[in-house]
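# Coordinate analysis (summary)
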Amino acid sequence: MAKPAEKPKVESLPAKSTSPAKSSRPGDNSVSAEELKSFHRSMLLIRRFEERAGQLYGMGLIGGFCHLYIGQEAVVVGMQSTIGDADSVITSYRDHGHMLACGMDPKGVMAELTGRSGGYSKGKGGSMHMFSRDKHFYGGHGIVGAQVPIGTGLAFAHKYQGGKNVSLTYFGDGSANQGQVYEAMNMAALWKLPVIYIIENNRYGMGTSVERASATTELYRHGEAFGIPGERVDGMDVLAVRAAGEKAVAHARSGAGPYILEMQTYRYRGHSMSDPAKYRTKEEVDKYRNERDPIDHLRKRLLDAGLVDEAALKVVDAEIRKIVNEAAEFAQHSPEPDPSELWTDVLIGA
Amino acid sequence: MSISVLMPALSPTMTEGKLAKWHVKVGDAVKSGQVICEIETDKATMEVEAVDEGTVAQILVAEGTEGVAVNSPICLLAAEGESVAEAGKAAPEAPAPTARRSEAPPPASSATPSPAPSVAAPQAEPEWSGKTVHVTVREALRDAMAEEMRKDGNIFLMGEEVAQYQGAYKVSQGLLEEFGDKRVIDTPITEHGFAGLGVGAAFGGLRPIVEFMTFNFAMQAMDQIINSAAKTHYMSGGQMTCPIVFRGPNGAASRVGAQHSQCYASWYAHVPGLRVLAPWSAADAKGLLKAAIRDPNPVIFLENELLYGQSFDVPDDPDFVLPIGKAKIERAGGDVTIVAFSIMVGKALQAAEELAKQGIDAEVINLRSLRPFDTETIVNSVKKTNRLVSVEEGWPFAGIGSELSALMMEHAFDWLDAPVKRVAGLDVPLPYAANLERMALPQSDNIVEAARAVCNR
């Protein structure tokens, strides 16, 4: 039995147009031991995958821009556990973690990073532009904020088609000041679209802190003008994410319209590979890594609750390492795209 | 088997760097994610984290060493179960592999290829011999949408004032009544947002028709049109599709000033991944809009406000559809070819009448499709007339006429008896005053003059 989670800091914003948001119930035991173990495994996969991607970048095998998700794993893993197979997911360019959490094959993701034919976009998209129709993952978008109207459009399609599916639309604190985000929020609230806006607030939009970029830093309240309820969530705690996510998804699925979750999280690495991250102190980074790490946190929880022992964790570590090694091998040996691919997929039927 | 830690590249352009500082020493255990050293590049000092776990067996590059090549081994780790002494003895594999990026082959060809591998132009539509109805361009557009919407429940229309107001220019008149507010949707005045929302709906399996009150306002939505709608099919390796039509009036109307009078034809025609159509007649409007709605790609559909009220004969057939990518010879002639699109087709035909009086027999080609571009029809005409005038309402610099001129250089150089002449809007923001506006936009007189010039008359 999972040890009841600590109550995360949750600040709710009741919206006038909807029933007042209740606080999350992270300790409601809705998470089974098996799920807890799978959260650990999923987060570890993302962590090890990203470390390896960083290494391949360093070896010159990955080019261009490469934005790593290390530190933020609890957000996507917690959220993905709240949705079903037919729900849609869309995010920005810091997207490798989301793809893995959606169940996309690490080999195909890594091979896209290396620009090979075995990649999800046949090597034509790269780190920021990957998709999987099968897994309902709609990208991977390189323009800050552009995925927000698109994710809202996916929600529009869900409602139009008459089902109960929802759209998880992830974006960062940097996007949170984009005009199109508010245009989309307005329409989502106006038309009661089933979309959950997940703001991954990792505290810096590239090198500019939230405080230096946003006139109001309570990002979960940024839908207030449209009557969209919002909540601030401890994004370093996968159980807090899960609890808040369940509530938000239920809200959207019920037809009550959009919901905002501001995940307070942290990226350990720079904005992209070439960012030395001098805009924050080493102490700040170390504090998060040493005291708030989502994987260490869950590992301890699993051990304390007696759900696993060190030996079992070692087995998981080895399994993950094997998956990542295979992905890296595949990504290095998959052939480059055939030159004929240059001209394909520009238009359908042309 | 010891593990070599290699000098990493920390930016897309880095080839070497200085090993500024070691954070570990021989015998230290290293965990994944642990900072092991600092590297100085020309731009910054960055920390290097371990990916593999193990014990440091040997430091191969001393602190302070400059010019360490990317991918050369900098230290050795003993893997679990391996002795540090054994691992330390293992010589690093030399030479280190060079960065892949530097091995990039040169571009296949330095010559800029023509826009796309030549694709046979589609067949022109057969000459219509059946019954026709005389309708306005406005009605033809509405009928095209209604007929397609009756056949496919996934097609919907969204835009400013398209529903209750019946369309700012009454193009969507009656659609709300027939299809209801689920499929005919008034949006807030937020072009960037609803264009993106439309793209998302198309990704999600619907077939949106997004109306811009005018294309001038679509400039706010251009990122979504180009970066999201046009490029995603390619960037996804063909997985994602975006069947969407962006339509509305383009170009000058009548004395609405510079911000409301721009022609965007060359802007959109520039972009691979889009289809760009510009109808002139009501038959064009109906046949091409139906084709656009049926097309699985993002389509830019450039209408013209001044044409909405003009009437033309349209084939009386719900299955009348025009091919995308095929120009139409509106008037056959042997002395000079005049190429135009949208409202300028009418001006070109007027000019041809005047030229006929002066003894010059002009052939007038209605482009209809700007991307793909029907080079073949134009080249065949030029082979006959040996003279070409291009007419467009937009600005001359980097306009459709510029492209047309380049294409003729490439495909019809030997058949030209005179340089291609461009008739275009003047290179100024469109003025408001009636006289100045008239001077700034191409008139049939300007076309007559240009045609005479290329005919040396």
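For every chain, the first residue of the written sequence is number 1, and numbering continues from 1 onward in sequence order. By the order in which they are written, chains take letters starting at A while ligands take numbers starting at 1. With the structure being a predicted model, the display of local features is reserved for residues of pLDDT at least 70 and the display and counting of side-chain atom pairs for 80 or more, all residues being used for whole-chain, interface and lining totals. Hydrogens and waters are ignored; side-chain quantities use all the structure's heavy atoms.

### So, the packing of helix H5 (residues 147-160) of chain A against helix H4 (residues 191-203) of chain B
Note on method: axes are straight lines fitted to C-alpha atoms, helices fitted across the in-contact stretch only, with angles between N-to-C directions ranging 0 to 180 degrees. In DSSP terms, a helix is any run of H or I states spanning at least four residues, a strand is any run of E spanning at least two, and both are numbered starting from the N terminus. Two elements in contact, H5(A) and H4(B), have axes whose closest approach is 6 Å; the angle formed by their N-to-C orientations is 55°. Comparing their axes, H4(B) and H5(A) come out oblique. Read as a crossing pair, H5(A) and H4(B) show a hand that is right-handed. Between H5(A) and H4(B), the residues in contact are A:Pro149, A:Ile150, A:Thr152, A:Gly153, A:Leu154, A:Phe156 and A:Ala157 and B:Gly193, B:Gly196, B:Leu197, B:Val199, B:Gly200, B:Ala201 and B:Phe203, respectively. Under this grouping Gly is polar, as are all residues other than the nonpolar Ala, Val, Leu, Ile, Met, Phe, Trp, Tyr, Cys and Pro and the charged Asp, Glu, Lys and Arg. Its residues placed into classes, the contact of H5(A) with H4(B) shows nine nonpolar, five polar and no charged. Roughly parallel means an angle under 35 degrees; roughly antiparallel means over 145; roughly perpendicular covers 65 to 115; every other angle is labelled oblique. Helix crossings get a hand from a simple test, with the near helix turned counterclockwise from the far one by less than a right angle marking a left-handed crossing and a clockwise turn marking a right-handed one. Note on contacts: a residue pair is in contact if any heavy atoms of the two residues lie within 4.5 Å.

### What about the state of the cysteines?
Only a pair of cysteine sulfur atoms within 2.5 Å counts as a disulfide in this structure description. Scanning all chains against the criterion turns up zero disulfides over all chains. We note that A:Cys102 lacks a disulfide partner, and the nearest cysteine sulfur, in A:Cys66, lies 18 Å from it. Summary of cysteine pairing: B:Cys75 is not part of a disulfide, and the nearest cysteine sulfur, belonging to B:Cys37, is at 7.5 Å.

### Side note on the pairing of strand E3 (residues 167-172) of chain A
All names here are of chain A. Exposure categories follow from relative accessible area, calculated using a 1.4 Å probe and restricted to protein chains: below 20% of the type maximum is buried, above 50% is exposed, and the middle band is partly exposed. Within E3, six of the six residues are buried, which leaves it mostly tucked inside the rest of the structure. Side chains of E3 alternate between two faces, with Ser167, Thr169 and Phe171 and Leu168, Tyr170 and Gly172 buried alike. Of the strand pairs in this sheet, strand E2 (residues 88-90) and E3 are connected by three bridges, and their pairing is parallel. Residue Ser88 lies in a different strand from E3, and its bridge partner there is Ser167. The pairing of E3 with strand E4 (residues 195-201) spans six bridges and is classified as parallel. From the neighbouring strand, Thr169 faces E4, where its bridge partner is Tyr197. For the handedness criterion, the β-α-β arrangement of E3, helix H6 (residues 179-190) and E4 is classed as right-handed. We call two strands paired when DSSP finds no fewer than two bridges between them. When the strands point away from the viewer and the path from the first strand over the helix to the second turns clockwise, the crossover is right-handed.

### Focus: the sheet that holds strand E8 (residues 73-78) of chain B
The sheet built from four strands is open, its strands ordered E1-E8-E6-E3 (chain B) with antiparallel pairing. Of all the strands in the sheet, the pair left with one neighbour each is strand E1 (3-6) and strand E3 (29-30) of chain B.

### So, the sheet that holds strand E13 (residues 245-249) of chain B
Residues and elements named next belong to chain B. Strand order across the open sheet formed by seven strands is E11-E10-E12-E13-E15-E14-E20, with mixed pairing between neighbours. This sheet does not close on itself; its edge strands, each paired only once, are strand E11 (184-186) and strand E20 (369-371). In this sheet, neighbouring strand axes are inclined to one another by 20° on average, regardless of whether the strands run parallel or antiparallel. Sitting on the sheet, H4 touches strand E10 (155-159), strand E12 (207-211) and E13, and the angle it makes with E12 is about 165°.

### A few points about the pairing of E10(B)
Residues and elements named next belong to chain B. E10 sits mainly inside the fold: five of its five residues count as buried. Where E10 and E12 come together, five bridges link them in parallel fashion. Pairing of Leu157 across the sheet is with Ile209, part of E12.

### Thoughts on the packing of helix H2 (residues 137-151) of chain B against helix H8 (residues 282-294) of chain B
Residue and element names in this part refer to chain B. Packing of H2 against H8 brings their axes to within 8 Å, and their N-to-C directions diverge by 30°. In terms of their interaxial angle, H2 and H8 are classed as roughly parallel. The element H2 and its partner H8 pack so that their crossing is right-handed. The segment H2 lies against H8, with Val137, Ala140, Leu141, Asp143, Ala144, Met145, Glu147, Glu148 and Lys151 engaging Ala282, Ala285, Lys286, Leu289, Lys290, Ile293 and Arg294. Classifying every residue of the contact of H2 with H8 by side-chain character gives nine nonpolar, no polar and seven charged.

### What about the nonpolar core?
Of all hydrophobic cores here, the largest spans 80 residues; its most connected members are A:Phe156 and B:Phe246. Beyond its immediate stretch of four places on either side in the chain, A:Phe156 contacts A:Trp191, A:Leu193, B:Phe156, B:Met158, B:Ile185, B:Leu197, B:Ala201 and B:Leu206. Judged by nonpolar contacts, the second largest core, of 71 residues, contains A:Ala53, A:Ala252, A:Leu298 and A:Leu313. Here the nonpolar core consists of buried residues drawn from Ala, Val, Leu, Ile, Met, Phe, Trp, Tyr and Cys, with membership extended through side-chain atoms lying within 4.5 Å.

### Comments concerning the pattern of salt bridges
One speaks of a salt bridge when a side-chain nitrogen belonging to Lys or Arg is within 4 Å of a carboxyl oxygen belonging to Asp or Glu. As enumerated under the stated definition, the model contains 50 salt bridges over all chains in all. Between A:Arg52 and B:Asp52 there is a salt bridge, with the nearest N and O atoms lying 3.4 Å from each other. Placement of the pair is A:Arg52 in helix H1 (residues 33-58) and B:Asp52 in the loop between strand E5 (45-49) and strand E6 (54-59), with the two residues belonging to separate chains. Residue class for B:Asp52 comes out buried when judged on its relative accessible area of 19%. Counted as one network, the salt bridges with shared partners bring together B:Glu147, B:Glu148, B:Lys151, B:Lys286, B:Lys290 and B:Arg294.

### As for the interface of chain B and chain A
How big an interface is tends to be reported as the loss of accessible area on association of its parts. The partner chain A presents 62 residues to the 73 residues of chain B that form the contact. Summed over both partners, the accessible area (1.4 Å probe) lost when two parts come together is defined as the buried area. The contact between chain B and chain A buries some 5,500 Å² in all, and 59% of this surface belongs to carbon and sulfur atoms. Applying the counting criterion to the chain B and chain A interface returns five salt bridges. Where B:Glu49 meets A:Arg269, a salt bridge forms, and the shortest distance between an N and an O atom there is 2.6 Å. Each polar contact in these results corresponds to two N or O atoms within 3.5 Å; when the atoms are within protein, one needs to be able to donate a hydrogen and the other to accept it, and residues that are neighboring in sequence are counted only if both atoms are side-chain atoms. Across the contact surface, chain B and chain A share 29 residue pairs in polar contact (both at pLDDT 80 or more). Looking at the side of chain B that touches chain A, the elements with two or more residues in it are E5, E10, E11, H4, helix H5 (222-230) and helix H6 (232-235) of chain B. Among the elements that line the side of chain B that touches chain A, the one with the most residues is H4(B), at 10 residues. Here the residues of the side of chain B that touches chain A sort into 32 nonpolar, 28 polar and 13 charged.

### Notes on the side chain of B:Glu160
Inspection of the secondary structure assignment puts B:Glu160 in the loop between E10 and helix H3 (175-179). Setting aside chain neighbours within four positions, we find B:Glu160 in contact with B:Thr187, B:Pro188, B:Ile189, B:Thr190, B:Glu191, B:Phe194, B:Glu211 and B:Met213.

### Some thoughts on the confidence of the model for chain B
All names here are of chain B. Known as pLDDT, the predictor's confidence for each residue is given on a scale from 0 to 100. Summary statistics for chain B give a mean pLDDT of 91 and a share of 92% for residues scoring 70 or more. The model gives residues 92-110 a pLDDT under 50, and that stretch makes 25 contacts with residues more than four places away or in other chains. The complex prediction reports pTM at 0.89, with the ipTM value standing at 0.90.

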